[in-house]
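Observations on the three-dimensional arrangement
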Amino acid sequence: MLVQTFGAAIYGIAATTVTIEVRIDKGVNFMMVGLPDNAVKESQQRVKTSIEESNLKWPGKAITINMAPADIRKEGTAYDLPLAVGMLAASEQLPASALEKTMIMGELSLDGSLRYIKGALPIALQAKDEGFTRFILPEVNGPEAAMVEGLEVYPAAHLSQVVAHLKGDVPLQRMVIDTEALFKERIENFQFDFSDVKGQENIKRAFEIAAAGGHNAILIGPPGAGKTMLAKRLPSILPPLNLSESLETTKIHSVAGRLRRDDALVTSRPFRAPHHTVSDVALVGGGGWPQPGEISLANNGVLFLDELPEFKRTVLEVLRQPLEDRVVTISRARFSVDYPASFMLVAAMNPCPCGFHNHPIKKCVCHGDAVQRYLNKVSGPLLDRIDLHVEVTPVDYEELLTRPSSEVNSKDIRERVIKARLVQQARFADHAAVHSNAQMSSSDIRKYADIDNDSREMLKNAMKRLNLSARAYDRILKVARTIADLACSADIQQPHLAEAIQYRSLDRESWAE
Ligand SMILES: Nc1ncnc2c1ncn2[C@@H]1O[C@H](COP(=O)(O)OP(=O)(O)O)[C@@H](O)[C@H]1O
Ligand SMILES: [Mg+2]
Ligand SMILES: [Zn+2]
C-alpha cells in the first residue's frame, strides 16, 4: 500500500513542505530516495526499534520511501516521526486518512520517545500558510508551534501517543497559546542596571545616545575602567521589542535550536557576547548545513565584541557586509539562504597593547608604532560603521569605595530613549528601510540632519581644531540628529553639534602620537 505523509525542510528561517511517500510491497528491500542525507538514512534503525518498543509491528517487507521535492536536501533526524507514522499507515496499522492535512515532525529515541527538533516555529507558519490543519510534534516544541494562530498543534511525548491519537483511540491534547496576550504580559527582567555603575555619567549619556539613535559604539579605555560592566547594561535601556520583532528573532532562535518550553517566545532584546576566539562561521553563520551565527542570534538586539583587537582580522572582515545590509547571505553551490542580522554593535578595547595610552596617571610602556599598529587592527571599514567613540576613564579607587550608587538608573534613561525613538518613527514613517538615525544614508542626512551656515562653519572649525578627518562629518551629523531628538528639538543646534563632536576620538589624527 502507498501512503503520503508530510514533513518540512528548513531554509534560512523559512520552511518548505516535504511530501513523504511510503510504499510497502512483498520482498525485503529498504530503499530511500529523494536526496536524504546520512542522518535521514540512518533513521531506519531508530524508526524500527521505536516501532517495536511501542508494541507495533515493523513491516518486514520491501519498503520504498520517496521524499519530494527531490531537489531539496533533507537533513537531520527530525523526519523519524513522519517516516514511522508513514510506515505504520502503509502497513495498515493506522488509517492513512488520518495523515491528510497533517504536518508531522520529530526525532525518535530508540525507546520511541520524541526529542526536540529545530525550526518548529517556521514549520508551523509554513504549514498554516499551505492549508494544513494539524501539526504533531515533540512535546518540548509545542509552545513554539502553538504561537501560530489557526493551526491545531498537538505536542506528544512518545510515538505510541501519536499512534493512539491517529487511530482515534486516545486523542492528544491540543496546545493553545494566545501569543498576543503572552507577549503583552511578558515581564522584562534585566540582570543589570546602570545604577550599579558609580560615576561615569558621561558614559551613560553616550549609551543613551547610542540606544536612542541605534548607533554602533566603541568603548576605549584602560583595563578595569568598567567597559565590560557598562556594555552589559545596554539592553536595559533599549526600547522594548514589538511583537513582529519578537517573532522574527524567535524564528532565528527556533532554527538554531535554542528555544525551550519555558522561553519559547523571545521577548527581550538579545545580548550576544561571543568570545574573541569565535570562528567566522560561528559569528556570521554558515557551515555545511547552514546555521545562523551570533550576529543573527543578536537580531533586534546587541552584539558585544569585548577586546575587539583580539578578534582575528578575518572574523572582523566578515562583519562588514551584514553591518551594512542588516542581513547575511550564505551561499552554497546549490542554494543560498538569508538570515536577518539587524543588531547594534558595541565593541570595547584598550587604547594600546599595555592598556595605558592617554591614561591620566599611569604611563604607557608601548614602544614605537605599537599603538598605531594596535589601532590599525580595528580601523578601516569596521570602524567606518561605528558612530560613537567613547573614551572611558576609570573612576578613582577611593571614589569607588566611598561613593553611593548612582542616581542615574536604566528605567529613566530608557524612557528618554523610547521618546526619541518615537520621533524617529514619525520621521521615517515613509521609509521602509530606515528606522533610526543611525541607518540614514548620505541623502537622508542632507534631508533630515541639515544645519545652517553658521553651524556648518562652527563644525568645520571644530573639526580642524581637533584634527578630525573629513569622514567624521556625516557621523557627527547623525549623532547630532539623535542628540537633538533627545532634546525634543526639531533643529540641530550648535550645542548638539558640539556634543556630537566629542564622540570621534579615534578619528583624531593625533590619537596614536
Ligand atoms: N564606575 C564603576 N562603578 C562600580 N564598579 C566599577 C566601576 N568601574 C569599575 N568597576 C568595578 O571594576 C570591575 C572591572 O570592570 P570591567 O568592566 O571588567 O572593566 P574593563 O572591561 O574596562 O576592563 C567591575 O566588574 C566593577 O566591579
Ligand atoms: Mg573588559
Ligand atoms: Zn601602551
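The rules we used
Residues numbered from 1 in each chain as written. Chains lettered and ligands numbered in written order. Predicted model: local features only at pLDDT ≥ 70, side-chain atom pairs only at ≥ 80, totals over all residues. Heavy atoms only, no water. 1 Å grid on protein atoms, 1.4 Å probe; cavity = no way out; pocket = protein on both sides within 12 Å on 5 of 7 lines; lining within 4 Å. Points joined across faces, edges and corners; volume = space filled by probe spheres on them. Helix = DSSP H or I, 4+ residues; strand = E, 2+ residues; numbered from the N terminus. Nonpolar A, V, L, I, M, F, W, Y, C, P; charged D, E, K, R; others polar. Near = heavy atom within 4 Å. Areas by Shrake-Rupley, 256 points an atom, 1.4 Å probe, with all protein chains shown as cover. Axes fitted to C-alpha atoms, helices over the stretch in contact; angles between N-to-C directions. Parallel < 35°, antiparallel > 145°, perpendicular 65-115°, else oblique. Left-handed = near helix turned anticlockwise from the far one by under 90°. Contact = heavy atoms within 4.5 Å. Pairing = 2+ DSSP bridges. Phe/Tyr/Trp six-rings, centres within 6.5 Å; stacked < 30°, edge-to-face > 60°. Buried < 20%, exposed > 50% of the residue type's maximum accessible area, 1.4 Å probe, protein only. Lys NZ or Arg CZ within 6 Å of the ring centre and 35° of its normal. Expected span 1.5 Å × (residues − 1). Donors = N, O, S within 2.8 Å, 3.2 Å for Na, K, Ca; no water. Tetrahedral: all angles 85-135°; square planar, octahedral: opposite > 155°, others 65-115°. Polar contact = N/O pair within 3.5 Å; in protein donor to acceptor, adjacent residues only side chain to side chain.

**Concerning empty space enclosed by the protein**
The method is simple in principle: a probe with the dimensions of a water molecule rolls over the atoms, and the space it marks as empty is what remains. In total, this model carries three cavities of 30 Å³ or more according to the counting rule given. Its boundaries defined by the atoms lining it, the largest cavity holds a volume of some 60 Å³. As for the largest cavity, its lining consists of Arg 313, Leu 316, Glu 317, Arg 320, Lys 377, Val 378, Ser 379, Pro 381 and Leu 382. Ranked by the residues each element gives to the lining of the largest cavity, the list is headed by helix α13 (residues 313-317), at three residues. Taken together, the residues of the lining of the largest cavity break down into four nonpolar, one polar and four charged.

**Some thoughts on the site of ligand 1**
Near ligand 1 lie 14 residues; those nearest to it are Lys 198, Gly 224, Lys 227, Thr 228 and Met 229. Protein burial of ligand 1: of its 560 Å² of free accessible surface, 68% is covered by the chains. Broken down by element, the shell around ligand 1 gets its largest block of residues, three residues, from helix α9 (residues 227-231). Here the residues of the shell around ligand 1 are counted per class, giving seven nonpolar, four polar and three charged.

**Looking at the layout of surface pockets**
Each pocket or cavity is described by its volume, and for the largest pocket that value is around 880 Å³. What lines the largest pocket is a set of 29 residues, and nearest its centre among them are Glu 245, Asn 300, Arg 421, His 435 and Gln 439. Looking at the lining of the largest pocket, the elements that each hand over two or more residues are α10 (243-255) and α17 (410-427). Considering every element that reaches the lining of the largest pocket, the biggest residue donor is α17, with four residues. Within the lining of the largest pocket, the residues separate by chemical class into 13 nonpolar, eleven polar and five charged.

**Some words on the packing of α17 against helix α20 (residues 472-486)**
Following both chains from N to C, one finds α17 and α20 inclined at 115°, their axes separated by 9 Å at the closest point. Here α17 is positioned roughly perpendicular relative to α20, judged by the angle of their axes. Considering only the axes of α17 and α20, their crossing is right-handed. Of the residues in α20, those in contact with Arg 416, Val 417, Ala 420, Val 423, Gln 424 and Arg 427 of α17 are Arg 481, Asp 485 and Leu 486. Here the residues of the contact of α17 with α20 are counted per class, giving four nonpolar, one polar and four charged.

**Here's the deal with the sheet that holds strand β14 (residues 302-305)**
Hydrogen bonds along the backbone pair up the strands of a sheet, which may run parallel or antiparallel. An order of β11-β14-β17-β10-β18 is seen for the five strands of this open sheet, with the pairing classed as parallel. At either end of the open sheet lies a strand with only one pairing partner, and these are β11 (271-272) and β18 (388-391). Relative to strand β17 (residues 344-349), β14 runs parallel, the two being bridged by four bridges. By the bridge assignment for β17, Leu 303 is matched with Leu 345. Strand contacts of helix α8 (residues 201-213): β10 (217-220), β17 and β18, with the helix running at about 165° to β18, the strand carrying the most contacts.

**A word on the environment of Val 408**
Relative to the helices and strands, Val 408 resides in the loop between α16 (397-402) and α17. Each C-alpha atom of the pair Val 408 and Lys 48 lies 63 Å from the other, and the pair is 360 residues apart in sequence. If we ignore the near neighbours within four places in the chain, the residues touching Val 408 are Phe 194, Ser 195, Glu 201, Lys 204 and Ile 413.

**Here we look at the packing of aromatic side chains**
This model, assessed by the stated rule, comprises seven aromatic pairs. Aromatic side chains Phe 6 and Phe 132 sit 5.2 Å apart centroid to centroid with 75° between the ring planes, which places their arrangement in the edge-to-face category. Note that Phe 6 is positioned in strand β1 (residues 2-11) and Phe 132 in the loop between α4 (120-129) and β8 (134-138), a separation of 126 residues in sequence. The exposure class assigned to Phe 132 is buried, which follows from its relative accessible area of 9%. The interplanar angle of 85° and the centroid separation of 5.4 Å between the aromatic rings of Tyr 11 and Phe 335 together place this pair among those described as edge-to-face. Of the two residues, Tyr 11 is situated in strand β1 and Phe 335 in the loop between β15 (327-331) and β16 (336-340); the sequence distance between them amounts to 324 residues. Taken together, Tyr 11, Trp 289 and Phe 335 form an aromatic cluster joined through their ring pairs. Over the ring of Phe 183 we find Arg 186, and its NZ or CZ is 3.9 Å from the ring centre. Above the plane of the ring of Phe 428 lies Arg 427, whose end atom (NZ or CZ) is 5.7 Å from the centre.

**Digging into α8**
The terminal C-alpha atoms of α8 lie 19 Å apart, and with 13 residues this matches the ideal 18 Å at 1.5 Å per residue to within 8%. Burial within α8 is extensive, with ten of its 13 residues counted as buried. Phi turns positive one or two residues past the end of α8, at Gly 214, with a value near 70°.

**Some remarks on the coordination of the zinc ion (ligand 3)**
The protein atoms that coordinate the zinc ion (ligand 3) are Cys 352 (SG), Cys 354 (SG), Cys 364 (SG) and Cys 366 (SG), at distances spanning 2.2 to 2.4 Å. Around the zinc ion (ligand 3) sit four donor atoms, and with donor-metal-donor angles ranging over 107 to 114° the site reads as tetrahedral. All donors of the zinc ion (ligand 3) come from a single chain, and their spacing in sequence reads C-x1-C-x9-C-x1-C. A residue is classified by how much of its surface remains accessible, and Cys 364, at 22% relative accessible area, is partly exposed.

**Some thoughts on the packing of α4 against α10**
It is at 7 Å that the axes of α4 and α10 come closest, and there the two elements cross at 115°. Contacts from Ala 120, Leu 121, Pro 122 and Leu 125 of α4 reach α10 at Leu 247, Thr 250, Lys 251, Ser 254 and Val 255. Class assignment for the residues of the contact of α4 with α10 results in six nonpolar, two polar and one charged.

**Describing the side chain of Ser 50**
Checked against the element boundaries, Ser 50 lands in helix α2 (residues 43-53). Accessibility expressed as a relative area gives 0% for Ser 50, which makes it buried. Of the polar contacts made by the side chain of Ser 50, one reaches the backbone oxygen of Arg 46; its length is 2.7 Å. Discounting chain neighbours no more than four positions away, the residues touching Ser 50 are Leu 108, Ser 109, Leu 110, Gly 112 and Leu 159.

**Remarks on unusual backbone geometry**
Geometrically, the link from Ala 68 to Pro 69 is a cis peptide bond, its omega value of 0° lying close to zero. Positionally, Pro 69 belongs in the loop between β4 (62-68) and α3 (80-90). Of note, the phi angle at Asn 55 is positive, near 60°, even though the residue is not glycine. Note on placement: Asn 55 falls in the loop between α2 and β4. What makes Asn 55 exposed here is its relative accessible area of 73%. We note that Gln 200 has phi near 55°; this positive angle belongs to a residue other than glycine. Residue position: Gln 200 is located in the loop between α7 (179-184) and α8.

So yeah, pure geometry; function would need other evidence.
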